[in-house]
Amino acid sequence: MSLPAQSVAAAEFDLQEDTSKITHFISPENPPRILVVDDEADFLQIVKETLAVLGYETFGAASPVEALHLAEKHVFAMLLVDQRMPMMSGIELLNQIQQLQPDATRVLMTGVVDLSTILESINKGEIYRFLVKPWIQEELIVTVRNAVHRYELIRRNAKLFEATRSMNERLVQLNHHLEQKIVREEEQNTQLARLNQALQQNLSNSVDLCLTTVQAFYPGLAFQARQVHALCKAIVETLGLSPADRQVLEISSLLHDIGFLAVPRRMIKLWHKSPDLLNGAEKAAIEQHPLLGQELVSFSNHLCEVGTVIRAHHERFDGKGYPDKLSGEDIPWLARLLAAAEGYVAAEIRNADPAATLRSGSGTLYDPEAVRVVLVARQSATRPRREREVALAQLSAGMVLACGIYTSNGMLLIPAGQVLNEPAIEKLKNHHRVNPIRQNLLIYC
């Protein structure tokens, strides 16, 4: 039974979770490798040239045998394989390469999609996406970028998992060592204090790394997070919160929008500027970010309560928020404080009157008591300097960098806080001509 090609293309056969929202960066020194397999030489050449222009290292194979030979020699981020080929189908080829490279993202190209092909690909090939021939170039480009993003996320998660496992093993060893060696209570307390300090430092480093990831993905989110964090620190002092609640609120304020890492940047930008223009699916994706944020901070048991606050920070006092439609005091108190603080900062960023914005939402958007706390705390808050993004051509003498500028291989060119002068700007431009600077450039307003 054949399926219409148009409906296949529209559905896109999302057989695996789309991980295309993670930031993608192609380093000229080490671009992702893609293997394209098709027995039509002209078509193979066109696809290779298209991907090469995008910065990918592309390998072409005109037969399954040649493809298997390449898969034994090179590691690929993505496999783009035609279904109908002599000697072996695309699904069979992908199934064999999967044994060699299980992390590579598999995309199947086909001119006619029927039900048997779909079932076979699901059962055997574990296909990430289908591409129905012929397609428009933009569809190919988006599919390739999404596929490479998925591969990079899998590899990054594997490294993080291994590092966490190693750290956990080390902590187990340390605890066992303490149980055996500590004989006096004073010594035991000293050792435990040191261990707790190390764990707290590790937790702080993890939070900083997460915020740095958000900064690289969407600088505006990181700037807003730092503003909200400064306001929440003042709230902590105003209320005299316990050390445990203080840590939960401060970390939640820094990471409350980390779930946006799984949302396309264009959608985030539209949500900030013209939320009414979002369609139903886009709104649903936006409203998932508190849930995704809770999942992303679950890497540490210390952040369990942080995840709860992040999940609830878009609930409304009148019950019309998301994702769980909580209302009133069913919303965790720290989440109500965070919601009011975020609303205040968001209004400032939009150049609206933040105090008036909070008061107008009191009792509907926000807990009235949380509003009162924020309006009192704002008077003692020490807020970070405002930042804005600029193009390289817009840099001028006297500007102060809000974040350091690095080469593509991680070497620092100019540190954060540097006051720019003409020689420094010329140095950046000269470097950019040889090795393009791809990061966001942020200066203090």
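Reference entry: report on the structure contained in this document.

Calculation rules
- Residues numbered from 1 in each chain as written.
- Predicted model: local features only at pLDDT ≥ 70, side-chain atom pairs only at ≥ 80, totals over all residues.
- Heavy atoms only, no water.
- Helix = DSSP H or I, 4+ residues; strand = E, 2+ residues; numbered from the N terminus.
- Buried < 20%, exposed > 50% of the residue type's maximum accessible area, 1.4 Å probe, protein only.
- Contact = heavy atoms within 4.5 Å.
- Areas by Shrake-Rupley, 256 points an atom, 1.4 Å probe, with all protein chains shown as cover.
- Salt bridge = Lys/Arg side-chain N within 4 Å of Asp/Glu carboxyl O.
- Polar contact = N/O pair within 3.5 Å; in protein donor to acceptor, adjacent residues only side chain to side chain.
- Core = buried A, V, L, I, M, F, W, Y, C linked by side-chain atoms within 4.5 Å.
- Pairing = 2+ DSSP bridges.
- Axes fitted to C-alpha atoms, helices over the stretch in contact; angles between N-to-C directions.
- Phe/Tyr/Trp six-rings, centres within 6.5 Å; stacked < 30°, edge-to-face > 60°.
- Lys NZ or Arg CZ within 6 Å of the ring centre and 35° of its normal.

**Quick look at the overall build of the protein**
At step 1: Secondary structure summary: the protein contains 17 helices and nine strands in total.
At step 2: Here the protein, with 445 residues, has 45% of them falling under the buried criterion.
At step 3: Once local pairs closer than 6 in sequence are excluded, the contacts in the protein between residues at least 24 apart make up 66%.
At step 4: Looking at the protein as shown, the accessible area adds up to about 23,100 Å², and 53% of this sits on carbon and sulfur atoms.

**With respect to the pattern of salt bridges**
Here the idea is simple: oppositely charged side chains can pair when their charged atoms come close.
At step 1: Counted according to the given criterion, the structure contains 14 salt bridges.
At step 2: Aspartate 38 serves as the salt-bridge partner of lysine 133, at 2.8 Å between the closest nitrogen and oxygen. In this pair, lysine 133 sits in the loop between β5 (129–132) and α6 (137–181) while aspartate 38 sits in the loop between β1 (33–37) and α2 (41–53), placing the two residues 95 residues apart along the sequence.
At step 3: For lysine 133, a relative accessible area of 19% corresponds to the buried category.
At step 4: Among the salt bridges present, the one from aspartate 103 reaches arginine 155, with a minimum N-O distance of 2.5 Å. With aspartate 103 in the loop between α4 (90–100) and β4 (105–110) and arginine 155 in helix α6, this residue pair connects regions lying 52 residues apart in the sequence.

**Considerations on helix α16 (residues 368–377)**
At step 1: Among all positions in α16, only Ala370, Val371, Val373, Val374, Leu375 and Ala377 are buried.
At step 2: Contacts made by the buried residues of α16 are with α8 (219–239), α14 (333–349) and α15 (354–361).
At step 3: Measuring from the backbone nitrogen of glutamate 369 back to the side-chain oxygen at the start of α16 gives 3.0 Å, which picks out aspartate 367 as the cap.

**Quick notes on the nonpolar core**
At step 1: Judged by nonpolar contacts, the single largest core of 57 residues is most densely connected at Ile235, Leu249, Leu255 and Leu358.
At step 2: Of all the secondary-structure elements, those providing two or more residues to this core are α7 (185–217), α8, α9 (243–255), α10 (265–273), α13 (304–312), α14, α15 and α16.
At step 3: In contact with isoleucine 235, not counting residues within four places along its chain, are Leu249, Leu337, Ala341, Val373, Val374 and Ala377.
At step 4: Core analysis: the next-biggest nonpolar cluster, separate from the first, contains 21 residues, Val37, Ala61, Ala71 and Leu108 among them.

**Considerations on the sheet that holds strand β2 (residues 57–61)**
At step 1: Taken in spatial order, the five strands line up as β2-β1-β3-β4-β5 in an open sheet, and their pairing is parallel. Among the strands making up the open sheet, the edge pair consists of β2 and β5. Mean inter-strand twist for the sheet, computed between neighbouring axes without regard to direction, equals 20°.
At step 2: With four bridges connecting them, β4 and β5 associate as parallel partners. From the neighbouring strand, threonine 110 faces β5, where its bridge partner is valine 132.

**Some words on the packing of aromatic side chains**
At step 1: Taken as a whole and assessed by the stated rule, the structure comprises two aromatic pairs.
At step 2: Ring geometry for phenylalanine 59 versus phenylalanine 76: centroids 5.4 Å apart, planes at 85°, classification edge-to-face. Within this pair, whereas phenylalanine 59 is found in strand β2, its partner phenylalanine 76 is found in the loop between α3 (64–73) and β3 (78–82), the two being separated by 17 residues in sequence.
At step 3: A relative accessible area of 16% places phenylalanine 59 in the buried class.
At step 4: Using a relative accessible area of 1% as the deciding quantity, one classes phenylalanine 76 as buried.
At step 5: When the ring of phenylalanine 260 is compared with that of tryptophan 271, the centres are 5.2 Å apart and the planes differ by 45°; the resulting orientation is tilted. Of this pair, phenylalanine 260 sits in the loop between α9 and α10 while tryptophan 271 sits in helix α10, placing them eleven residues apart in sequence.
At step 6: Taking the relative accessible area as the measure of exposure, phenylalanine 260 reaches 0% and is therefore buried.
At step 7: Residue placement shows lysine 133 over the ring face of phenylalanine 43; its charged tip is 4.4 Å from the ring centre.

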